[in-house]
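Summary of structural features
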There are 2 protein chains.
Amino acid sequence: MSKEQNLKTAALEKISHLDYFNIAISVDCVIFGYDNKELKVLLIKSDLEEFSGLYSLLGDLVRPDEDLESASYRVLRDRTGMEDVYLEQVHTFGGLGRHPSGRVITTAYYSLIDIKHHKLKLNHNDLHWHSVNDIKELAFDHKTILDTCLCRLREQVMDHPVVFNLLPEKFSLRELQDLYQSILDTDLDRRNFRKKIAIKGWLVDLNEMENNVPHRPGKLYALKKQHHRKGPKTLVLE
Amino acid sequence: MSKEQNLKTAALEKISHLDYFNIAISVDCVIFGYDNKELKVLLIKSDLEEFSGLYSLLGDLVRPDEDLESASYRVLRDRTGMEDVYLEQVHTFGGLGRHPSGRVITTAYYSLIDIKHHKLKLNHNDLHWHSVNDIKELAFDHKTILDTCLCRLREQVMDHPVVFNLLPEKFSLRELQDLYQSILDTDLDRRNFRKKIAIKGWLVDLNEMENNVPHRPGKLYALKKQHHRKGPKTLVLE
DNA sequence: AGTAAATATGTACTTACGACACATTAATTT
DNA sequence: AAATTAATGTGTCGTAAGTACATATTTACT
């Protein structure tokens, strides 16, 4: 290798080394909620000029002294005031042009919370629940991120007892079915749905009844303790 | 806010800003192969003193001008000489202590290649195929990464035609069953396995026979063109 | 020619899934 | 108080897929 090439290589390496650390990493949380028979997601008005008028997911840069889950929980805590929330990593998005101010790679998480239990810390802020079905466009690549997380949620819903995090502790089978229908965006046969849920063995019959419903009240159920899934998803290996 | 606090905050922000860009991001590839009825993974001797004697996955820092898939393909190309390889993102690992030289967040991919078709570019290097079952310990958190990717592969195997990337173009049903058994680490009933595969409709009967086998030769099959899955996994939304 | 080893195939049993109808209960209305 | 309304609660049948299991056939090898 010639002397010039050596110099050139050294210079390149120097630049490269600096650039390697010129990539920022963030987390974005797709925070799902459920209300009025609709699946909702928590969004905030984008503060970037490029995306003025558009909403975006809740996210933040990852700090040097926290891991990815900690960063996600910080975002969740700051925005919703909630702590023990179901959280699951979905995908990392690293496209070159995804952030107008520079190179930012983001890891997307989805989480499930009971809307009723959270006091929006920030009514002064432009933070609101939006019906997932109504969302056509978001800032950055956040629409893709949302779609990816929704897709993951739909994959999970029948095999894992996660969506109970969207409901109050006690619920009727009708409420549960309505929730499933919102998530899957389909109608389900009531008898087959009940059979399917019964087989899972996830629920306990509380021997209580709904009240304050304008019709015959249904039985109330709760998720069995052993199936509670709060906190970050634990990797189940093998 | 007092003046001192202001100064303090400004200083903190300065430090924080620098630190934000003091996180490096890498990709690690779990490159699976299949040979001698065993599932293999491509590993290299770790070059870090802390992990001397241990093997590690193949990875590299992500360059500022490439996205995550490009970085993974670069690693694959450099190490195996192969281009059109199945690749799927699995998980991002961002623990604080995972890299001894500093903060490195890594996105893990797995890929599937036909061992026979790749000319190990680097026999001089300490690059070798290892039986997945024999691996007890790896450098960094790479054992966890490997386990996570193996877990994902097992989830995919029955529902998606991906493992054919591990086989030559033409194969017998016995070879395919052996492969499934290696991946799932179980015995499968031959008749039920064939029925299950037949129902998928993934294969074409080539009307050819094995040869050079020391027993009655079986029919040869190939994956239908329409089910070929090369390149990076395409996100199928909704 | 005989033996060994693998291929190729079918049936009976059980379990899950999907379509579908009717009696019951409580709140509301008349 | 009786009738109406709207939702709850439950069972069957046909179909599709999953599992367990045995025998005849073909080729290579000795």
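Preceding block: the structure.
Residues numbered from 1 in each chain as written. Chains lettered and ligands numbered in written order. Predicted model: local features only at pLDDT ≥ 70, side-chain atom pairs only at ≥ 80, totals over all residues. Heavy atoms only, no water.

Turning to the overall build of chain A, a few remarks are in order. The number of helices and strands found in chain A is five helices and 10 strands. Relative to its full complement of 238 residues, chain A shows a buried share of 49%. The contacts in chain A between residues at least 6 apart in sequence include a share of 66% that link residues at least 24 apart. Looking at chain A as shown, the accessible area adds up to about 12700 Å², and 48% of this sits on carbon and sulfur atoms. (Helix = DSSP H or I, 4+ residues; strand = E, 2+ residues; numbered from the N terminus. Buried < 20%, exposed > 50% of the residue type's maximum accessible area, 1.4 Å probe, protein only. Contact = heavy atoms within 4.5 Å. Areas by Shrake-Rupley, 256 points an atom, 1.4 Å probe, with all protein chains shown as cover.)

With that settled, the discussion passes to the pattern of salt bridges. Counted according to the given criterion, the structure contains 28 salt bridges over all chains. With a shortest N-O distance of 3.6 Å, aspartate 178 of chain A and lysine 37 of chain A are connected by a salt bridge. One end of the pair, aspartate 178 of chain A, is in helix α4 (residues 173–184); the other, lysine 37 of chain A, is in the loop between β1 (24–35) and β2 (38–45), with 141 residues separating them in the sequence. With a closest N to O distance of 2.5 Å, glutamate 210 of chain B and arginine 174 of chain B form a salt bridge. Here glutamate 210 of chain B is found in the loop between β9 (203–209) and β10 (219–223), whereas its partner arginine 174 of chain B is found in helix α4 (residues 173–184), with 36 residues between them in sequence. (Salt bridge = Lys/Arg side-chain N within 4 Å of Asp/Glu carboxyl O.)

A word on the nonpolar core. Counting 46 residues, the largest nonpolar core has Ile31 of chain A together with Ile31 of chain B as the members making the most contacts within it. Among the nonpolar cores identified, the runner-up in size contains 40 residues, and Leu57, Phe164, Leu176 and Trp202 of chain A belong to it. (Core = buried A, V, L, I, M, F, W, Y, C linked by side-chain atoms within 4.5 Å.)

Now for the interface of chain B and chain A. On the chain A side, the residues contacting the 35 residues of chain B number 35 residues. For the pair chain B and chain A, the two sides together bury roughly 3200 Å², of which 63% comes from carbon and sulfur. Along the contact surface separating chain B from chain A lie zero salt bridges. The tally of links from chain B across to chain A stands at 11 residue pairs in polar contact (both at pLDDT 80 or more). Of all the elements in the fold, those that place two or more residues in the side of chain B that touches chain A are α1 (3–20), β1 (24–35), β5 (86–93), β6 (104–112) and α3 (142–157) of chain B. Counting residues per element, the side of chain B that touches chain A draws most heavily on α3 of chain B, which supplies six residues. (Buried area = accessible area lost by both parts, 1.4 Å probe. Polar contact = N/O pair within 3.5 Å; in protein donor to acceptor, adjacent residues only side chain to side chain.)

Our focus in this paragraph is the protein's contact with DNA strand D. As a structural note, the neighbourhood of DNA strand D is formed by 17 residues, with Arg174, Arg190, Arg194 and Arg216 of chain A together with Arg216 of chain B the closest of them. For DNA strand D, the backbone makes up 39% of the atoms found within 4 Å of the protein, where backbone means sugar plus phosphate. At 2.8 Å from a base oxygen of DNA strand D is found a side-chain nitrogen or oxygen belonging to arginine 216 of chain B. Elements with a contribution of two residues or more to the surface near DNA strand D: α5 (190–200) of chain A together with α5 (190–200) of chain B. Broken down by class, the residue content of the surface near DNA strand D amounts to one nonpolar, four polar and 12 charged. (Near = heavy atom within 4 Å. Nonpolar A, V, L, I, M, F, W, Y, C, P; charged D, E, K, R; others polar.)

Glancing now at the environment of histidine 142 of chain B. Residues and elements named next belong to chain B. Looking at the element boundaries, histidine 142 is found in helix α3. Using a relative accessible area of 3% as the deciding quantity, one classes histidine 142 as buried. For the pair histidine 142 and tyrosine 55, spaced 87 residues apart in sequence, the C-alpha to C-alpha distance is 8.9 Å. Those residues within four positions of histidine 142 in sequence are excluded, and the remaining contacts are Asp28, Ser56, Leu57 and Arg98.

Turning next to helix α3 (residues 142–157) of chain A. When the terminal C-alpha atoms of α3 of chain A are compared, their 22 Å separation across 16 residues agrees well with the 22 Å that a helix rising 1.5 Å per residue should span. Across the 16 residues that make up α3 of chain A, a large majority, 13, are buried. (Expected span 1.5 Å × (residues − 1).)

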